[in-house]
Amino acid sequence: MPDQTVPPASTAPGPSAPGMPPLKVAILPVTPFQQNCSILWCTATKRAAVVDPGDGVTQIEEFLARQGLTLERILVTHGHVDHAAAVADLTARTGVPVDGPQQEDKFWIDRLPEDGAKYGMLHAKPFTPTRWLGDGDTVAVGDLVLDVLHCPGHTPGHVVFIHQPSRLAIVGDVIFQGSIGRTDFPRGDHAALIRSIREKLFPLGDDITFLPGHGEPSTFGQERRTNPFVSDRAVARG
Ligand SMILES: [Zn+2]
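Residues numbered from 1 in each chain as written. Predicted model: local features only at pLDDT ≥ 70, side-chain atom pairs only at ≥ 80, totals over all residues. Heavy atoms only, no water.

By the naming in an unreviewed UniProt entry, the chain is Glyoxylase-like metal-dependent hydrolase (Beta-lactamase superfamily II), taken from Nitrospirillum amazonense. Reading the Cofactor (unreviewed entry) entry of the UniProt record for the chain gives the comment "Zn(2+)". (UniProt positions renumbered as here; feature names shortened; annotations may be inferred.)

A. Summary view of the overall build of the chain. Within the chain, the secondary structure is distributed over eight helices and 13 strands. Against the compact-globule benchmark of 18 Å for 238 residues, the chain has a radius of gyration of 16 Å, which places it among compact chains. Along the first, second and third principal axes, the C-alpha atoms of the chain reach 50 × 45 × 30 Å. For the chain, the proportion of its 238 residues judged to be buried stands at 55%. Restricting to contacts in the chain with at least 6 residues of sequence separation, those with at least 24 account for 61%. A total of about 9,300 Å² of accessible surface is found on the chain, and carbon and sulfur atoms cover 52% of it. (Helix = DSSP H or I, 4+ residues; strand = E, 2+ residues; numbered from the N terminus. Rg over C-alpha atoms; globule rule 2.2 N^0.38 Å. Buried < 20%, exposed > 50% of the residue type's maximum accessible area, 1.4 Å probe, protein only. Contact = heavy atoms within 4.5 Å. Areas by Shrake-Rupley, 256 points an atom, 1.4 Å probe, with all protein chains shown as cover.)

B. Examining the environment of arginine 187 more closely. In this fold, arginine 187 is placed in the loop between β11 (179-180) and α6 (190-201). Overall, the relative accessible area of 48% leaves arginine 187 in the partly exposed class. As a C-alpha pair, arginine 187 and proline 53 span 134 residues in sequence and 23 Å in three-dimensional space. Filtering out sequence-adjacent residues up to four positions away, arginine 187 remains in contact with Glu104, Phe107, Gly153 and Pro156. Polar side-chain contacts of arginine 187 include one of 2.8 Å to the side chain of glutamate 104. (Polar contact = N/O pair within 3.5 Å; in protein donor to acceptor, adjacent residues only side chain to side chain.)

C. Region of interest: the side chain of threonine 77. Take threonine 77: it is sitting in the loop between β4 (70-75) and α2 (81-84). Leave out the neighbours within four places in its chain, and threonine 77 touches Val51, Asp52, His83, Pro101, Gly157, His158, Val159, Phe161, Ile170 and Gly172.

D. Representation of the nonpolar core within the structure. In this structure, Ile39, Ile60 and Phe127 are the most contacted members of the largest nonpolar core, which totals 30 residues. Sorting the residues of this core by element identifies β1 (23-30), β2 (35-42), β3 (47-51), α1 (57-67), β4, α2 and α3 (87-94) as the ones contributing at least two each. Ranked by residues supplied to this core, first place goes to α1 with four residues. With near-sequence residues (within four places) excluded, isoleucine 39 lies in contact with Lys24, Val25, Ala26, Leu28, Ala48, Ala49, Val50, Ile60, Phe63 and Leu64. (Core = buried A, V, L, I, M, F, W, Y, C linked by side-chain atoms within 4.5 Å.)

E. Local environment of the side chain of glutamate 72. If you trace the backbone, glutamate 72 turns up in strand β4. A polar contact is formed between the side chain of glutamate 72 and the backbone nitrogen of glycine 142, at a distance of 2.7 Å. When neighbours within four sequence positions are excluded, glutamate 72 is seen to be in contact with Arg47, Ala48, Val96, Pro97, Ala140, Val141 and Gly142.

F. Examining the pairing of strand β8 (residues 159-163) more closely. In terms of residue burial, β8 counts as a mostly covered element, since five of its five residues are buried. Side chains Val159, Phe161 and His163 project from β8 onto one buried face, and the interleaved Val160 and Ile162 project onto a second face that is buried too. When strand β7 (residues 144-150) meets β8, the two strands line up antiparallel, connected through four bridges. Looking across to β8, one finds that aspartate 147 is bridged to isoleucine 162. In terms of strand pairing, β8 meets strand β9 (residues 168-172) through three bridges, oriented antiparallel. For isoleucine 162, the partnering residue across the bridge sits in β9 and is alanine 169. Connecting the antiparallel pair β8 and β9 is a turn made up of four residues, with arginine 167 showing a positive phi of about 55 degrees. (Pairing = 2+ DSSP bridges.)

G. View of the pattern of salt bridges. Counted under the stated rule, the structure contains 16 salt bridges. Of the charged contacts, one joins aspartate 99 and arginine 131 as a salt bridge, the two residues approaching to 3.0 Å between their closest N and O atoms. Separated by 32 residues along the polypeptide, aspartate 99 in strand β5 (residues 98-99) and arginine 131 in the loop between α5 (112-118) and β6 (138-141) bring together distant segments of the chain. Lysine 106 is paired through a salt bridge with aspartate 110; the nearest N and O atoms lie 2.8 Å apart. (Salt bridge = Lys/Arg side-chain N within 4 Å of Asp/Glu carboxyl O.)

Below is the structure:
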């Protein structure tokens, strides 16, 4: 589904955290909505996580094989069809656990087949996460430890994954370069979304690079300066 007001088109690869601890990340745009499915991995152990497989099971498996990676888990930021439609297929094929989203997104996961049919994504199936996530949880991928933040607003159970040593966040549809997530879907909440961004994400630091669910990466500092919805100036204006 279209997740933001003005979706920028992009197939650009994400940052690979140069000179940082052993994390690499690649982006595979999937679904009619060019959703940024991310594959991140620990270079020391070659263990990987796939974040938001909306589609592209074959592409994902080929990428893992080409890089010599072992899939350790699937991570899900939120239950929208372009982010979660292929979770069931990928976990059935690989047997790996599914972490996230937060359980308030269960109603979105339950309606994946009907939303999939609406957008021509007939592979969309519901699933039950191995673990629902919430604030303060952590997720391990090889030697990497990702922090979890619950950032409601776009959906009520949306979570964000952060690798502090790499100064990297995977934010799904919470914030984009120059935009924010739509809140006109069922149980969307604009005020909650602004709070999630301003009170949970921005305090992590201006130097955090984020990979959004659609379009180009940016940094929290850049958005704090220029994002028309959540910049310091926009918020001061009210
Ligand atoms: Zn979404």
